[in-house]
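A structural walkthrough
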Amino acid sequence: MNAVTAALPPFQAPYAPPDEELAAKFIVDAARDGAAERRVDARARRLIAAIRAKIGGLVGGLGGVEDFLHAFSLSTKEGLG
């Protein structure tokens, strides 16, 4: 440590709150009522069903998209999240 670094205060970033505080605020801000959640879920189900129907008519499917939709089906928490 030299004289310059010894005279400097430790770095602090008061403009950057802890990640836990940010995440908690984002979760609260993103909350939707039950009706909105049901609309989002219904639309996602329709979109995924349409993609799967189109993929089913193709020889060999679409690779990564098809694999993803099979790995995270609508019957899993990950597929709906």
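All of these numbers come straight from a predicted model, not from anything done at the bench.

1. Describing the overall build of the chain
- A tally of regular secondary structure across the chain gives 5 helices and 0 strands.
- N-terminal to C-terminal, the α/β element order of the chain is α-α-α-α-α.
- Among the 81 residues that make up the chain, the fraction classed as buried is 10%.
- Counting every atom, the chain has about 6,900 Å² of accessible surface; 64% of that belongs to carbon and sulfur.

2. Describing helix H2 (residues 19–30)
- Across its 12 residues, H2 extends 16 Å between first and last C-alpha, which sits within 8% of the 16 Å expected from 1.5 Å per residue.
- Counted residue by residue, H2 has 0 buried out of 12 residues, so it is predominantly exposed.

3. Some details on the pattern of salt bridges
- Per the stated rule, a full pass over the model turns up 2 salt bridges.
- The salt bridge involving Asp29 is made with Lys25; its shortest N-O contact spans 2.6 Å. Residue Asp29 and its partner Lys25 are located together in helix H2, separated by 4 residues, close to a single helical turn.
- Exposure remark for Asp29: the relative accessible area of 51% places this residue in the exposed category.
- Arg32 is the salt-bridge partner of Glu37, the closest N and O atoms lying 3.2 Å from each other.
- The exposure class assigned to Glu37 is partly exposed, which follows from its relative accessible area of 30%.

4. Things to note about the confidence of the model for the chain
- Confidence in the prediction for the chain averages 77 pLDDT; 68% of positions are at 70 or higher.
- Per-element averaging of pLDDT across the chain places helix H5 (residues 77–80) at the bottom with 54 and H2 at the top with 89.

What counts and what doesn't
Residues numbered from 1 in each chain as written. Predicted model: local features only at pLDDT ≥ 70, side-chain atom pairs only at ≥ 80, totals over all residues. Heavy atoms only, no water. Helix = DSSP H or I, 4+ residues; strand = E, 2+ residues; numbered from the N terminus. Buried < 20%, exposed > 50% of the residue type's maximum accessible area, 1.4 Å probe, protein only. Areas by Shrake-Rupley, 256 points an atom, 1.4 Å probe, with all protein chains shown as cover. Expected span 1.5 Å × (residues − 1). Salt bridge = Lys/Arg side-chain N within 4 Å of Asp/Glu carboxyl O. pLDDT = per-residue confidence, 0-100.

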